[in-house]
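Topology and contacts: notes
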There are 4 protein chains.
Amino acid sequence: MLPQNRWFIEYFGSTEAHMHGIKEYLLSKQTQFQRVDLVETFGYGCCLFLDGKIQSSEKDEFIYHEALVHPPLLLIPKPRKVMIIGGAEGATLREVLKHKTIEKAVMVDIDEELVNFCKKFLPEWAKSSFDDPRSEVIYTDARKYLEETEESFDSIIIDLTEPMAGSPAVKLYTKEFYQIVYQHLTPQGTISLQAGTTRPGDTTLLMMIAKTIETSFPIVRIYEVIIPSFDLPWGMILGSKANDPKNLFCQEIDRLLKEREIQDLLYYDGETHQAIFSLPKFLREAQKKPSRLIEDAHPLTIN
Amino acid sequence: MLPQNRWFIEYFGSTEAHMHGIKEYLLSKQTQFQRVDLVETFGYGCCLFLDGKIQSSEKDEFIYHEALVHPPLLLIPKPRKVMIIGGAEGATLREVLKHKTIEKAVMVDIDEELVNFCKKFLPEWAKSSFDDPRSEVIYTDARKYLEETEESFDSIIIDLTEPMAGSPAVKLYTKEFYQIVYQHLTPQGTISLQAGTTRPGDTTLLMMIAKTIETSFPIVRIYEVIIPSFDLPWGMILGSKANDPKNLFCQEIDRLLKEREIQDLLYYDGETHQAIFSLPKFLREAQKKPSRLIEDAHPLTIN
Amino acid sequence: MLPQNRWFIEYFGSTEAHMHGIKEYLLSKQTQFQRVDLVETFGYGCCLFLDGKIQSSEKDEFIYHEALVHPPLLLIPKPRKVMIIGGAEGATLREVLKHKTIEKAVMVDIDEELVNFCKKFLPEWAKSSFDDPRSEVIYTDARKYLEETEESFDSIIIDLTEPMAGSPAVKLYTKEFYQIVYQHLTPQGTISLQAGTTRPGDTTLLMMIAKTIETSFPIVRIYEVIIPSFDLPWGMILGSKANDPKNLFCQEIDRLLKEREIQDLLYYDGETHQAIFSLPKFLREAQKKPSRLIEDAHPLTIN
Amino acid sequence: MLPQNRWFIEYFGSTEAHMHGIKEYLLSKQTQFQRVDLVETFGYGCCLFLDGKIQSSEKDEFIYHEALVHPPLLLIPKPRKVMIIGGAEGATLREVLKHKTIEKAVMVDIDEELVNFCKKFLPEWAKSSFDDPRSEVIYTDARKYLEETEESFDSIIIDLTEPMAGSPAVKLYTKEFYQIVYQHLTPQGTISLQAGTTRPGDTTLLMMIAKTIETSFPIVRIYEVIIPSFDLPWGMILGSKANDPKNLFCQEIDRLLKEREIQDLLYYDGETHQAIFSLPKFLREAQKKPSRLIEDAHPLTIN
């Protein structure tokens, strides 16, 4: 039996690629900001690709979104207001709203068309989150929004694509941007974001972002999350004004999840927290090396 | 710029595949037992493929081999004799010999031709291990060897391909085989092996192997290791007669590594141990479900 | 710049394949009879694939359909009634109707759903042919239709997929079938069909079909047509009761086309006729070798 | 059964590609002038690729080389001296030497390393041609050679890669170059060359080259040759000072081949000649359109 005829090939540079056999094509559109492909694959169910790069898959989006949201929110005793930057699928919003302390979740995504595609084709990802009275969705540039608002948030969850050349995400990875973010956080405020692969030898991007965040935040922790559809192991970063996620222990996390009545997680709990914040030795060594800072005048872009 | 012309495509079933751009072809041969491809890729350096499946890569073989070897050896107070089943690259042997307590390491691989290819093309992997006076390499069927020998080992490291249909590995995954292994271990004896992906929804193989090992070993722990060249997160299993790796804490591991004068590890240490033995929630849930046993009369084979 | 992410890969056995970059996915459906993929490619415009094999493309369907239709119709002084077997796209019908002598064109295709897809997605191929009062479309098995009808035709154009294992096309390639066809032709009647690649060394299929047709028809001519989207050069066969296409010369063809008021051909005319019926030497040599016959009891199937 | 793991992918722009399953890797080297890949494929036997583009394959090189050589040589009553530009595989030389009138064949190829690879890995292609006392091989730039020599040739066979950007072939496709070539031909002299695809809609390159040759040669004929490994139908061009290949008829060609004692051709003879010089209608139409000229100051390069 020959393999599938229909493939979506995600290229990692010009020398590595992953081929996904396609079950059904849902959508392929160029929005004002990016190319959107919604594809049902055999291996990962529905997948969202932006500019050819996988963003999340039906099979393992729970790993990405739980890991992105719960660590920064559990570090705060009683998170009330959360901002989400990006997060078009609505799944980050879904996880945020699981914390019953949340009173307001503001999601700022630049690409309204993309959000509407996700609502239509991936309704299971946001579930009812977009209709939750605590949710507010604003379609604008997140940096501009922050520069103009006087709101403060307990946590700002940054759920962006990588800073591909020409993308509006580029200026959301700079020292200046993280300073603006810092200024809009409450005293125990936290941030989290995805920040590139942790593959040995290829962590330059991750380390640059971490160092850049350290110019604003006193506590910065890399954690490693395995989202199989990403093909590569992935780094996330948590920045915090006051509390260290390495001091949040198993039992405390399980107690907090219970207290906030979060029962339906599939990936994250105390033991998972311990696993993901314990980095393999080579990553800890890589962290010790100097990295350049990302600045508005010297931004970071990838191809 | 167009991508590479030369690719090695590893298929995962008929609906997913990973493409590796080829820098140089080193070898492609059918031995008596399997197809061997040695390829220098752009992304992962030299790679060994058996029957089209990646076994290890220059870039991250250290992760695989350190994770396979050190947990079972550190569980034993003073490991003297170790058997390796498979392990053609010599890198498992290399890691075993790092423990200065080791007096004898017997490697049993069925495929002499493959071992010779690895010696020739991947000399950096075994380093000088094959010449170490403590090493003995025997080219025969490992099950036959164990059935006939009266030797006992402190640890038996099983470094095999997956049980592909028709492969001699098939009968090295059964209940009966693990019983034979058990009988050749000293009272605190341990085993370890790689046992398939931990991707959510696809852990049937891993769970069947773990359950099967439980019929012989009182302590069986799955641990999760990320070897990027494998494309998928991977499960390893540690079986133990007496000691539980979950009770081996960070500081104790770092102390033991120091005591045994193991200084050059890149991946494994106390914190890494803690990370890999702390499983994500969905894997712990999957472990609770019933699995069938693998028996000589009902073996497991994959395509 | 990296290449496309979205590809349709047509496999030729397990060792050759052609990759088409996809611009837009139009349809992918399993009908009762076959898998239908309608894809807009960058290289060939809209393409129809059945069971993963290309049938025709926007860019070069004119070559296929003009070559299939005009030689058999020009061999007959005044063709009135033509039957088309298969031909779902409607383009064979379109070419047939260009002959102003035609009074009736009966198209028999087993797959109504496929014909409807073609009408919807490839309207430019049939143009107004399906609405032409001379056209009749019957959805049934062509062999059954011929066995039951008492109609005679001046030409029967066989526009089928290759006889893939399990396909209803299999019994439309046998000696017995061609006998039935023969019996439904008028005294100067002709047939034409596509019959596999002419690639050197790979003409077994083509030669078997030609030999099988020779059991019914006194005049059988292979002609070679280059349809670039087929990736390989292709053989067509013309069977004739009375007239030999090798005796139809340039000027006569051009005169006949004029007489029948056929002005809009892009591919076929007298000079093209001469080119396609003049075979390269190796094909003429291959024709001299013995071939087995295809019979109902020993049909031909390909994978 | 899954397909091959090892592929050579030839890209045609960024939206079409052909995948060749690899049986054995023979060589992959960057010479001073180009990337050379010698690969044994399952579908086409040994193949030579230069800069990722197929040049010739074991299975069908006879088509390419017979078509390139015999038409220009048969147009000349008694060809004595022939120059070959490029032609590293030695197969063009092989075909030239079949004409028993030949007294001297000078092959000028810029890439000595490539010629040596071909001698070593493709010995069946040149057969004994390089050792023939009538052969002379000169490793230099062909244009420079012609500018400096006072020799005249009866035919100059141009067997080059396409004018890829940066390639030394670029200045061997210009008006000025063809003038130099013209000046080195005897009064009935001829040239031939391959000149890009004849795919409908994609013949700009072919037509530009033909128009450029017309600035020097009174008779210029495009002919179409199907070399399946090229994936696309291909155009060759014959330029002639005095005789027109369209006036060379079947029987005359067969008589000449006999007279010159050329008996072992597999592809070319009178009927093949008639086929390849009879172009499909769309190509004849495309020839009527204006094309720009290729000049040293405005060369042609492809990607």
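Residues numbered from 1 in each chain as written. Chains lettered and ligands numbered in written order. Predicted model: local features only at pLDDT ≥ 70, side-chain atom pairs only at ≥ 80, totals over all residues. Heavy atoms only, no water.

So, the overall build of chain A
Applied cut-off: Each helix is a run of H or I in the DSSP string that is no shorter than four residues. Each strand is a run of E no shorter than two, and both are numbered from the N terminus. With the radius of gyration taken over C-alpha atoms, the globule rule is written as 2.2 Å times the number of residues to the power 0.38. Burial classification: accessible surface area is computed with a 1.4 Å probe over protein chains only, and a residue below 20% of its type maximum counts as buried, one above 50% as exposed, and the rest as partly exposed. We call two residues in contact whenever any of their non-hydrogen atoms come within 4.5 Å of each other. For accessible areas, the Shrake-Rupley method is used with a probe of radius 1.4 Å. Any residue's cover is judged against the shown protein chains and nothing else. Positive charges are assigned to Lys and Arg, negative charges to Asp and Glu, while His and the chain termini are left out of the count. By convention, charge coordinates are those of NZ in Lys, CZ in Arg, CG in Asp, or CD in Glu.
When its secondary structure is counted, chain A shows 10 helices and 12 strands. Its C-alpha atoms give chain A a radius of gyration of 18 Å, near enough to 19 Å, the size a compact globule of 303 residues would have. When the backbone C-alpha atoms are referred to their principal axes, chain A occupies close to 55 × 45 × 40 Å. Split into buried and exposed, the 303 residues of chain A put 68% on the buried side. Of the contacts formed within chain A by residues at least 6 apart in sequence, a portion of 66% connects residues at least 24 apart. Carbon and sulfur atoms make up 49% of the accessible area of chain A, which amounts to about 10,700 Å² in all. Across chain A, the mean location of the 34 positive side-chain charges is 3 Å away from that of the 45 negative side-chain charges.

Focus on the relation of the copies chain A and chain B
This is how it is decided: Least-squares superposition aligns the copies on the C-alpha atoms of those residues with pLDDT at or above 70 in both.
Note on the identical chains: chain A maps onto chain B by a rotation of 180° and an axial translation of 0.0 Å, with an RMSD of 0.0 Å. On the angle and the small slide along the axis, the relation comes out as a two-fold axis. Mapped onto chain B, 100% of the interface residues of chain A are again interface residues, and the two copies thus contact each other with one and the same surface.

Looking at helix α6 (residues 175–183) of chain A
Of all the positions in α6 of chain A, only Lys175, Phe177, Tyr178, Ile180 and Val181 of chain A are classed as buried. Buried residues in α6 of chain A make contact with β6 (81–86), α5 (142–148), β9 (153–159), β10 (185–197) and α7 (204–214) of chain A.

Some remarks on the packing of aromatic side chains
Counted only if it meets this: Ring geometry is summarised as follows: Phe, Tyr and Trp rings, the Trp one being its six-membered ring, pair when their centres sit within 6.5 Å, and such pairs are stacked at plane angles under 30 degrees, edge-to-face over 60 and tilted between the two.
Here the structure, examined in full by the defined rule, presents 34 aromatic pairs over all chains. Centre to centre, the rings of Tyr182 of chain B and Phe217 of chain B are 5.0 Å apart; their planes meet at 75°, and the pair counts as edge-to-face. Pair noted here: Tyr182 of chain B is in helix α6 (residues 175–183) and Phe217 of chain B is in the loop between α7 (204–214) and β11 (219–225), with a separation of 35 residues, a long-range link. Accessibility expressed as a relative area gives 1% for Phe217 of chain B, which makes it buried. With a centroid separation of 5.1 Å and an interplanar angle of 85°, the aromatic rings of Phe230 of chain C and Trp234 of chain C are classed as edge-to-face. The burial state of Phe230 of chain C is the same as that of Trp234 of chain C; both residues are buried.

A few points about the confidence of the model for chain A
Quick reminder of the rule: pLDDT is a residue-level measure of predictor confidence that goes from 0 to 100.
Put simply, chain A has an average pLDDT of 96, and 99% of its residues get 70 or more. Listed scores for the predicted complex are pTM 0.94 and ipTM 0.95.

Details of the environment of Ser28 of chain D
Definition in use: Distance and chemistry together define a polar contact, namely a pair of N or O atoms within 3.5 Å, with one atom able to donate a hydrogen and the other to accept it when in protein, and with adjacent residues in sequence counting only for side-chain atoms on both sides.
Here Ser28 of chain D lies in strand β2 (residues 16–30). Residues Ser28 of chain D and Thr186 of chain D, spaced 158 residues apart in sequence, show a C-alpha to C-alpha distance of 40 Å. If we ignore the near neighbours within four places in the chain, the residues touching Ser28 of chain D are Arg6 of chain B together with Arg35, Val36 and Asp37 of chain D. Within polar-contact distance, the side chain of Ser28 of chain D engages the side chain of Arg35 of chain D at 2.8 Å. A distance of 2.7 Å separates the side chain of Ser28 of chain D from the side chain of Asp37 of chain D, its partner in a polar contact.

A word on the sheet that holds strand β9 (residues 153–159) of chain B
Residue and element names in this part refer to chain B. Going by this rule: Strand pairing is assigned whenever DSSP detects at least two bridges linking the two strands. Axis lines are fitted through C-alpha atoms, for helices just across the contact stretch, and the angle between N-to-C directions can take any value from 0 to 180 degrees.
Strand order in the open sheet formed by seven strands is β8-β7-β6-β9-β10-β12-β11, with mixed pairing between adjacent strands. Edge positions in the sheet fall to β8 (135–138) and β11, since each has one partner strand and no second. Within this sheet the neighbouring strands show an average axis-to-axis angle of 15°, counted without direction. Alignment of β9 against strand β10 (residues 185–197), held across five bridges, turns out to be parallel. Directly across from Ile156, in β10, lies its bridge partner Ile191. Its contacts with the sheet place α7 against β10, β11 and β12 (234–240), and it is angled at close to 165° to β10.

Topic: the interface of chain A and chain B
Quick note on the threshold: Using a 1.4 Å probe, buried area is obtained as the accessible area two parts lose upon being combined, added over both of them. The rule for a salt bridge is simple: a side-chain nitrogen of Lys or Arg has to be within 4 Å of a carboxyl oxygen of Asp or Glu. Any residue outside Ala, Val, Leu, Ile, Met, Phe, Trp, Tyr, Cys, Pro, Asp, Glu, Lys and Arg is labelled polar, Gly included; the first ten of those are nonpolar and the last four are charged.
With 49 residues of chain A in contact, the opposing surface of chain B contributes 49 residues. Summing the contributions of chain A and of chain B, the shared interface buries around 3,900 Å²; its carbon and sulfur component is 55%. Considering only the surface of chain A that becomes buried against chain B, Glu16, Glu271 and Lys281 of chain A emerge as the three largest contributors, covering 15% of it. Viewed at the interface, chain B and chain A are joined by eight salt bridges. One salt bridge connects Lys246 of chain B with Glu271 of chain A, and the closest N-O pair in it is separated by 3.1 Å. Linking chain A to chain B there are 34 residue pairs in polar contact (both at pLDDT 80 or more). Secondary-structure elements contributing two or more residues to the side of chain A that touches chain B are β1 (6–12), β2 (16–30), α1 (61–74), α9 (270–277) and α10 (281–287) of chain A. In terms of residue count, the dominant contributor to the side of chain A that touches chain B is β2 of chain A (six residues). Along the lines of polarity and charge, the residues of the side of chain A that touches chain B split into 26 nonpolar, 12 polar and 11 charged.

Some points on the state of the cysteines
Stated formally: Disulfides are defined as cysteine sulfur pairs within 2.5 Å.
Evaluated as defined, the whole model comprises zero disulfides over all chains. The thiol sulfur of Cys118 of chain D is not disulfide-bonded, and the nearest other cysteine sulfur, from Cys46 of chain D, lies at 11 Å. Between Cys250 of chain D, a cysteine without a disulfide, and Cys250 of chain C, which holds the nearest cysteine sulfur, the sulfur-to-sulfur distance is 13 Å.

Topic: the nonpolar core
For clarity, the cut-off: Side-chain atoms within 4.5 Å are what join buried Ala, Val, Leu, Ile, Met, Phe, Trp, Tyr and Cys residues into a set we call a nonpolar core.
If you look at the biggest cluster of nonpolar residues, it comprises 408 residues, and the most contacted ones within it are Ile209 of chain A, Ile209 of chain B, Ile209 of chain C together with Ile209 of chain D. The contact partners of Ile209 of chain B, leaving out residues within four places of it in the chain, are Tyr173, Tyr178, Leu193, Ala195, Ile237, Ile294 and Leu300 of chain B. Counting residues in each nonpolar core, the second largest holds 20 residues, with Tyr11 and Met19 of chain A together with Ile9 and Tyr11 of chain D among its members.

A few points about the packing of helix α8 (residues 250–259) of chain C against helix α9 (residues 270–277) of chain C
All names here are of chain C. Condition: Angle categories: roughly parallel below 35 degrees, roughly antiparallel above 145, roughly perpendicular from 65 to 115, and oblique for all the rest. Helix crossings get a hand from a simple test, with the near helix turned counterclockwise from the far one by less than a right angle marking a left-handed crossing and a clockwise turn marking a right-handed one.
In the contact formed by α8 and α9, the axes pass within 7 Å of each other and the chain directions differ by 130°. Between α8 and α9, the crossing angle belongs to the class labelled oblique. For the crossing formed where α8 meets α9, the hand is right-handed. Residues Cys250, Ile253 and Asp254 of α8 form the contact with α9, whose own contacting residues are Gly270, Glu271, His273 and Gln274. When the residues that make up the contact of α8 with α9 are grouped by side-chain class, the tally is two nonpolar, three polar and two charged.

Things to note about the sheet that holds strand β7 (residues 104–108) of chain D
Residue and element names in this part refer to chain D. In spatial order, the strands read β8-β7-β6-β9-β10-β12-β11; together these seven strands make up an open sheet with mixed pairing. The open sheet has two edge strands, β8 (135–138) and β11 (219–225), and neither has a second partner. Direction aside, the axes of adjacent strands within the sheet are offset by 15° on average. As judged from the five bridges shared by strand β6 (residues 81–86) and β7, these two strands associate in the parallel manner.

A short note on the pattern of salt bridges
Inspection of the entire model under this criterion finds 100 salt bridges over all chains. Glu259 of chain A is the salt-bridge partner of Arg255 of chain A, the closest N and O atoms lying 2.7 Å from each other. Highlighted residues: Arg255 of chain A and Glu259 of chain A, both in helix α8 (residues 250–259), separated by four residues, approximately one helical turn. Of the residues examined, Glu259 of chain A reaches a relative accessible area of 44% and is grouped as partly exposed. Notably, a salt bridge pairs Asp37 of chain B with Arg6 of chain D, separated by 3.7 Å at the nearest N-O pair. One end of the pair, Asp37 of chain B, is in strand β3 (residues 35–41); the other, Arg6 of chain D, is in strand β1 (residues 6–12), on a second chain. On the accessibility criterion, Arg6 of chain D (5% relative accessible area) is buried. Put simply, Glu61, Arg94, Glu95, Lys98 and Asp264 of chain A are held in one network by salt bridges that share partners.

Considerations on the side chain of Ser155 of chain A
All names here are of chain A. Within the secondary structure, Ser155 is located in strand β9. In this structure the side chain of Ser155 is engaged in a polar contact, spanning 2.9 Å, whose partner is the side chain of Thr190. Ser155 has contacts with Pro72, Leu73, Ile76, Lys81, Val82, Met83, Leu185 and Thr190, leaving out every residue within four places of it along the chain.

Structural notes on unusual backbone geometry
Most of the time, phi is negative for any residue but glycine, and the peptide bond is trans. Unlike most non-glycine residues, Asp51 of chain B shows phi in positive territory, near 50°. Within the chain, Asp231 of chain D stands out as a residue other than glycine whose phi angle is a positive 75°. Summarising the element assignment, Asp231 of chain D is placed in the loop between β11 and β12 (234–240). Accessibility expressed as a relative area gives 5% for Asp231 of chain D, which makes it buried.

As for the pairing of β10 of chain A
Residue and element names in this part refer to chain A. Which entries qualify depends on this criterion: Seen with its strands pointing away from the viewer, a crossover is right-handed when the path leading from the first strand over the helix to the second is clockwise.
Burial of β10 is extensive: 10 of the 13 residues sit out of reach of the surface. With α6 bridging β9 and its parallel neighbour β10, the resulting β-α-β unit is right-handed. Sheet topology places β10 next to strand β12 (residues 234–240); six bridges connect them, and they run antiparallel. Bridging across to β12, Gln194 finds its partner in Met236.

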